[in-house]
Amino acid sequence: METIEKQEIQTPQKQELTEKQFTQLNYLKNQVKYLGLGESPQLHKDLEKAVTSDEKKTDVRVAYDNPDKLMKGNTASFELHISKGDLGGVFLNSYTANLTTKNGEERSQSFKVQKENNITAKEAINLLEGRSVKIEHDKVDKETGELSRTESFIKLKLKDEKTEYGNYKYEWYNKNYGVDVDDIMNKSKLTFANEEQKERVKKNLEKGNITSVNFLHDNKEVKGFAILNPQWKQLNLYDSNMNRLNSNDMNVSVKPQQVQDTPPVQQVKEQHSISRA
């Protein structure tokens, strides 16, 4: 009678992280968390694979399971672009935001990741959905050549041809353009319970969010939504069902030379090294 010997099935042992890899992984986790991409076990597992991989470059795909943060019918995902230096450093250099509209249109844009003031995942979606976001960027004084930080509103030129790097170009509304959010809210007759609510609404509008607001319409206080429109220096106001209640004021004077196609300082060749204010 033939004897069948049982063989133990060898399961691959999980690779233990070195102290350096453990530190690198935790740093990546925090970066991704503060970009607004969450802390899911699968994401952490994929980040660990990127840290322990022998590959110099790794792309980690992240599902965006937050339909409440998207316009109805839209879906989004992200790709984290991670690289390794010659001395063993691990870096999250940039990420790509991908949006599929309810009509099936595919949009994508890459954003550089810096130590602070990065464009968050939600702000990236806001840009891809056609809204404006307030950012902080470098500015050079034409007379002295000194570099300083300033703020502008940016918007993607979604209808124009992309750059050679596969990114949309930006429209820039700088301080000289005169976008005063406090004044715009006042002229739009928004109402607030207190100063804290007013400041919260302002911040949401500057981030490009579709913001829940109360405002006076036909001499009545109504609850609806608002979107900041820097180009026309106004709010686009909607009722609770997202039906538009006002239109762009065509009497607003817009000087073409004040709307810039490129940032005052080209920080990187791909023009995506911008940060949130």
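Residues numbered from 1 in each chain as written. Predicted model: local features only at pLDDT ≥ 70, side-chain atom pairs only at ≥ 80, totals over all residues. Heavy atoms only, no water.

Engineer: Would you mind going over the sheet that holds strand S8 (residues 190-191) with me for this structure?
Structural biologist: As a general point, the strands of a sheet are linked pairwise by backbone hydrogen bonds and lie either parallel or antiparallel. The strand order S8-S9-S10-S11 describes an open sheet built from four strands, whose pairing is antiparallel. Both edges of this open sheet fall to S8 and strand S11 (234-238), since each of them pairs with a single strand only. Against the sheet, helix H5 (residues 195-206) touches S8, strand S9 (211-217), strand S10 (220-229) and S11, its axis set at about 115° to S9. (Pairing = 2+ DSSP bridges. Helix = DSSP H or I, 4+ residues; strand = E, 2+ residues; numbered from the N terminus. Contact = heavy atoms within 4.5 Å. Axes fitted to C-alpha atoms, helices over the stretch in contact; angles between N-to-C directions.)

Engineer: Sorry if this is basic, but what is going on with the packing of helix H1 (residues 19-34) against helix H2 (residues 41-52) here?
Structural biologist: If you want to describe how two helices pack, look at the angle between their axes and the distance between the axes. Relative to each other, H1 and H2 sit at 135°, their axes nearing to 10 Å. Looking at the two axes, H1 sits oblique to H2. For H1 against H2, the interelement crossing comes out right-handed. Between H1, through Gln-21, Gln-24, Leu-25, Leu-28, Lys-29 and Val-32, and H2, the contact on the second element is made entirely by Leu-43, His-44, Leu-47, Glu-48, Val-51 and Thr-52. When its residues are assigned to classes, the contact of H1 with H2 shows six nonpolar, four polar and two charged. (Parallel < 35°, antiparallel > 145°, perpendicular 65-115°, else oblique. Left-handed = near helix turned anticlockwise from the far one by under 90°. Nonpolar A, V, L, I, M, F, W, Y, C, P; charged D, E, K, R; others polar.)

Engineer: Honestly, the packing of aromatic side chains in this entry has me stumped. Any pointers?
Structural biologist: Aromatic ring pairs are described here by two measures, namely the spacing of the ring centres and the angle between the planes. For the structure shown, the criterion picks out five aromatic pairs. Seen in terms of ring centroids, Tyr-170 and Trp-172 are 6.2 Å apart; in terms of plane orientation they differ by 65°. Their pairing is edge-to-face. A connected cluster of aromatic rings, assembled from ring pairs, spans Tyr-64, Phe-78, Tyr-95 and Phe-111. The residue whose ring lies beneath Lys-162 is Tyr-168, and the NZ or CZ to ring-centre distance is 4.5 Å. The lysine or arginine in question, Lys-233, covers the ring of Tyr-177, its NZ or CZ lying 4.8 Å from the ring centre. (Phe/Tyr/Trp six-rings, centres within 6.5 Å; stacked < 30°, edge-to-face > 60°. Lys NZ or Arg CZ within 6 Å of the ring centre and 35° of its normal.)

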